[in-house]
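What follows is each chain in one-letter form.
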Amino acid sequence: MNPTQTELPFIARARSHGARVAIFDTNGCATYERLLAVSERVAARLLDGRKDLDEARVAFLIAPGTAWVAALWGIWRAGGVAVPLALASTRPELEYYVSDSGAETMLYDSSTAAMARPLAEALGMKAIAYEEIGPIAPAELPVVSLDRRAMIIFTSGTTNKPKGVVTTHANITAQITTLIEAWEWSDNDRTLLTLPLHHVHGIINVTSCALWAGAVCEMMARFDANAVWERIESGKLTVFMAVPTIYLRLISSWEAASVERRREMSLAAGKLRLMVSGSAALPVPVLERWRAIGGHTLLERYGMTEIGMALSNSYGGERLPGCVGKPLPGVEVQLVNEQGELLGEGVPGEIEVKGPSVFREYWNRPDATREAFREGWFRTGDTAVVEKGVYRILGRTSIDILKSGGHKLSALEIEEALLGHPAIGECAVVGIPDEEWGQRVAAMVVLRAGTELELDSLRTWARDRMAPYKMPSVLKVVEALPRNAMGKTVKSEVVKLFS
Ligand code: MLC
Ligand code: AMP
């Protein structure tokens, strides 16, 4: 902690950007001054006479836009820990996030009130509607040191319940500043957020980097390929970041346009200074197609909720297709074998990461936190190989972790939910390779005697129980799951049976 620090660095940055426009959303624009004023109001409302929230958790379910940023900043300025919730989550999922994080307050907006307010009431939380936070007597805001907890983002893993990843203000500052330096963000930039705001990709890489730099961040309520092309064609954007599925959607939209319009679209895309892909492997054919259409070799980088971004292709130099480049400034990366021994070039191993951007802990899970580190290095569970100093991701060490449309999913979590279906006696969930989604969620099930199950009815049943991206989109009913001599399901066999 810097002993002379009186306010968090992002606040000092925002002050220096003053009257510049920070955000464009569906309601109009907001300057940095306005963001500061509104977030101060949110902080005062949350404090409600207290001097400091002292790391109390505040969950918020708010659509992307000025309100979302003001909520995040307000929570931070009041000394709270922000728990951003996913708009796509179902009620049982939200209940879990709120209960597990021990959030005392729920902030929501008019678009989420129908879900958020009854949930908060049922759980005995304080519920605050963003629109109802009116002018309020200015409160003295606490001094929040950088080593304090700032945010909990839930991530699915090798357990059947998601874990809360806790980052401090220092972690978040490091996650932002490494990207500002590597990708040369400046106040001349203008970006477009199309990603959900419950993952680091949208929260850190797009929104927080833009606002740190004094850039303009346009925020869309949700991804829409045609609307993104319109913004690209406006000629105003300089930076765009997305997951591979989004680039595929943009390619389809381009292909559906007239020859004349395509020319304009391509010309406009070529004017951006930086286009980045991440959160899942970017297939080389997609990179090549985008190069032909958009005139960019997409900059692919590698990251994770627990560490922010770790590896990145070069901004100014050569970008190698199928590779994720080298460690970002301030991030240490190494490859090790199962015994934790360091590996040399050309030998595949697990990626371990160290540095100020690495998270502090899994919320309330000291054992999981301990297991996630080896001698101070965070064990990512991803396998890679280094060739001429450049990293190439080979996959995950656990078959139970899936990536679909850029969302990390736990097969175990989905299996647990599916076992609640009256017709399902046993099930195995796997990810099967898919051009559009990277992986598709596939469920193999053994039915209870006398029952039947179709994919459509399973998805209808699942709608109230899991977010759309977790729902199986492939179903196979079998007499028995492939099992080994110990009776354990052999997931690799399950995958083969789907192909
Ligand atoms: C949605 N659908 C899927 C699906 N997701 N089908 C199969 N697999 C999936 N994964 C279906 C829905 O059920 C629905 O079907 C239809 O597609 C439209 O659903 P939607 O919810 O409207 O989806 P859409 O808006 O099209 O979403 C696609 C997307 C979204 C790519 C925009 O998935 C997305 O925003 N992904 C980004 C996630 C992200 O930010 N990841 C970063 C993690 S951080 P029907 O039949 O009902 O019409 C991280 C660290 C790092 O990874 O390195 O960055
Ligand atoms: P999340 O836990 O949602 O933050 O997802 C992080 C995971 O996404 C990593 O552990 C990787 O498995 C995957 N990932 C992120 N970027 C890439 C990439 N460029 N290539 C392949 N996998 C990636």
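Residues numbered from 1 in each chain as written. Chains lettered and ligands numbered in written order. Predicted model: local features only at pLDDT ≥ 70, side-chain atom pairs only at ≥ 80, totals over all residues. Heavy atoms only, no water.

### Side note on the overall build of the protein chain
Short version of the rule: Each helix corresponds to a stretch of at least 4 residues labelled H or I by DSSP, and each strand to a stretch of at least 2 residues labelled E; elements are numbered beginning at the N terminus. For the exposure calls, accessible area comes from a 1.4 Å probe over protein chains only, and a residue counts as buried if that area is under 20% of its type's maximum, exposed if over 50%, partly exposed in between. Here, residues are in contact when the closest pair of their heavy atoms is within 4.5 Å. Per-residue accessibility takes into account occlusion by the displayed protein chains alone, with areas from the Shrake-Rupley method and a 1.4 Å probe. By the counting scheme adopted, Arg and Lys are positive, Glu and Asp are negative, and His together with the chain ends is not counted. By convention, the point assigned to a charge is CZ for Arg, NZ for Lys, CD for Glu and CG for Asp.
Each helix and strand counted, the protein chain has 15 helices and 26 strands in total. Within the protein chain, the proportion of its 499 residues that are buried is 56%. Pairs at least 24 residues apart make up 66% of the contacts formed inside the protein chain by residues separated by at least 6 positions. If you sum the accessible surface of the protein chain, you get close to 20800 Å²; carbon and sulfur atoms cover 51% of it. Averaged over its 54 positive side-chain charges, the protein chain has a centre that lies 2 Å from the centre of its 59 negative ones.

### A short note on the site of ligand 2
Where we set the bar: One heavy atom suffices: a residue is near a molecule or strand as soon as one of its heavy atoms comes within 4 Å of it. In protein, a polar contact requires one atom able to donate a hydrogen and another able to accept it; more generally it is a pair of N or O atoms within 3.5 Å, and residues adjacent in sequence count only if both atoms are side-chain atoms.
The environment of ligand 2 is formed by 16 residues, the closest being Glu 300, Arg 301, Thr 305, Asp 382 and Arg 396. One nitrogen or oxygen atom from the main chain of Ser 279 is found 3.3 Å from a nitrogen atom belonging to ligand 2. At a separation of 2.7 Å, a nitrogen atom of ligand 2 approaches a polar backbone atom of Arg 301. Within the complex, 93% of the 500 Å² of free accessible area of ligand 2 lies under protein. At the level of secondary structure, the elements contributing two or more residues to the shell around ligand 2 comprise strand 13 (299-304) and strand 21 (390-396). Ranked by the residues each element gives to the shell around ligand 2, the list is headed by strand 13, at 5 residues.

### Details of the domain arrangement of the protein chain
Let me state the cut-off plainly: Bear in mind that the domain bounds are from an automatic or database domain assignment. Throughout, buried area stands for the accessible area (probe radius 1.4 Å) lost by two parts on being put together, summed over both. By convention in these notes, a salt bridge is any Lys or Arg side-chain nitrogen within 4 Å of a carboxyl oxygen on Asp or Glu. For this classification, the nonpolar set comprises Ala, Val, Leu, Ile, Met, Phe, Trp, Tyr, Cys and Pro, the charged set comprises Asp, Glu, Lys and Arg, and every other residue, Gly included, is treated as polar.
Here the domain parsing of the protein chain yields domain 1 (9-144) and domain 2 (401-498). Relative placement of domain 1 and domain 2: their C-alpha centres are 36 Å apart. A buried area of about 430 Å², summed over both sides, lies between domain 1 and domain 2, and 48% of it is on carbon and sulfur atoms. If you sort the residues of domain 1 by the area they bury against domain 2, Ala 88, Thr 90 and Glu 93 come out on top, with a joint share of 75%. Our count for the contact surface shared by domain 1 and domain 2 stands at 1 salt bridge. For Lys 470, the salt bridge identified is with Glu 93, shortest N-O distance 2.7 Å. Where domain 1 packs against domain 2, one counts 3 residue pairs in polar contact (both at pLDDT 80 or more). Split into classes, the residues belonging to the side of domain 1 that touches domain 2 amount to 4 nonpolar, 2 polar and 1 charged.

### Side note on the state of the cysteines
Working definition of a disulfide: a covalent bond connecting the sulfur atoms of two cysteines. Counted only if it meets this: Any cysteine sulfur atom paired with another within 2.5 Å is treated as part of a disulfide.
As enumerated under the stated definition, the model contains 0 disulfides in all. The thiol of Cys 29 is not disulfide-bonded; the next cysteine sulfur, from Cys 217, is found 13 Å away.

### Considering the pairing of strand 5 (residues 105-108)
Both faces of the sheet carry side chains from a regular strand, because those side chains alternate between them. Here is the rule we go by: Between any two strands, at least two bridges found by DSSP are needed for them to pair. Looking down the strands as they point away from the viewer, one classifies a crossover as right-handed if the path from the first strand across the helix to the second runs clockwise.
Every second residue of strand 5 is oriented toward a common face, with Thr 105 and Leu 107 on one face and Met 106 and Tyr 108 on the other, all of them buried. Pairing between strand 3 (residues 57-61) and strand 5: 4 bridges, direction parallel. Considered in strand 5, the bridge of Phe 60 is made with Leu 107. Taken together, strand 5, helix 5 (residues 113-122) and strand 6 (residues 126-129) constitute a β-α-β crossover, and its handedness is right-handed.

### Thoughts on the environment of Val 430
In this fold, Val 430 is placed in strand 24 (residues 424-434). As a C-alpha pair, Val 430 and Arg 440 span 10 residues in sequence and 8.2 Å in three-dimensional space. Setting aside residues no more than four positions away along its own chain, Val 430 makes contact with Leu 402, Arg 440, Val 441, Ala 442, Lys 491, Val 494, Val 495 and Phe 498.

### Examining the environment of Met 275
Tracing the sequence through the fold places Met 275 in strand 12 (residues 274-277). Apart from residues no more than four positions distant in its own chain, Met 275 is found in contact with Ile 232, Phe 240, Tyr 247, Ala 269, Trp 290, His 296, Leu 298 and Leu 299.

### Description of the site of ligand 1
Residues in close proximity to ligand 1 total 26 residues, the closest being Arg 249, Ser 279, Arg 301, Lys 403 and Ser 404. At 2.7 Å from an oxygen atom of ligand 1 is found a side-chain nitrogen or oxygen belonging to Arg 301. Between a nitrogen atom of ligand 1 and a main-chain N or O atom of Gly 406, the distance comes to 2.9 Å. For ligand 1, whose unbound accessible area comes to 1100 Å², protein coverage reaches 77%. Within the residue set of the shell around ligand 1, elements represented by two or more residues are helix 7 (200-213), helix 9 (244-255), strand 13 and strand 22 (401-404).

### Let's talk about the packing of aromatic side chains
In this description, an aromatic ring pair is defined by two values, namely the gap between the centres and the angle between the planes. For clarity, the cut-off: Centres within 6.5 Å are what make two rings of Phe, Tyr or Trp a pair, Trp counting through its six-membered ring; a difference in plane orientation under 30 degrees is then read as stacked, over 60 as edge-to-face, and the rest as tilted. Our definition puts a charge over a ring when NZ of Lys or CZ of Arg is within 6 Å of the ring centre and also within 35 degrees of the ring normal.
Tallying each qualifying case throughout the model produces 13 aromatic pairs. Seen from their ring centres, Tyr 96 and Tyr 97 are 6.0 Å apart, and the 70° between their planes marks the pair as edge-to-face. Neither Tyr 96 nor Tyr 97 differs from the other in exposure class; each is buried. For the pair Tyr 247 and Trp 290, a centre-to-centre distance of 5.3 Å together with 70° between the ring planes defines the contact as edge-to-face. Here the residue Tyr 247 occupies a position in helix 9, and Trp 290 occupies one in helix 11 (residues 284-294), the gap between them amounting to 43 residues. Comparing Tyr 247 with Trp 290, the two get one shared label, buried. Each member of the aromatic cluster is reached from another via a ring pair, and the members are Trp 229, Phe 240, Tyr 247 and Trp 290. Across the ring face of Tyr 362, the terminal group of Lys 163 is positioned such that the distance to the ring centre comes to 4.8 Å.

### As for the pattern of salt bridges
Taken as a whole and judged by the stated rule, the model has 26 salt bridges. The shortest N-O distance in the salt bridge between Arg 483 and Glu 426 comes to 2.6 Å. Linking Arg 483 in the loop between strand 26 (474-477) and helix 15 (491-498) with Glu 426 in strand 24, this pair joins segments that are 57 residues apart in sequence. Taking the relative accessible area as the measure of exposure, Arg 483 reaches 41% and is therefore partly exposed. A single salt-bridge network, built from bridges that share partners, covers Glu 55, Arg 149 and Glu 361.

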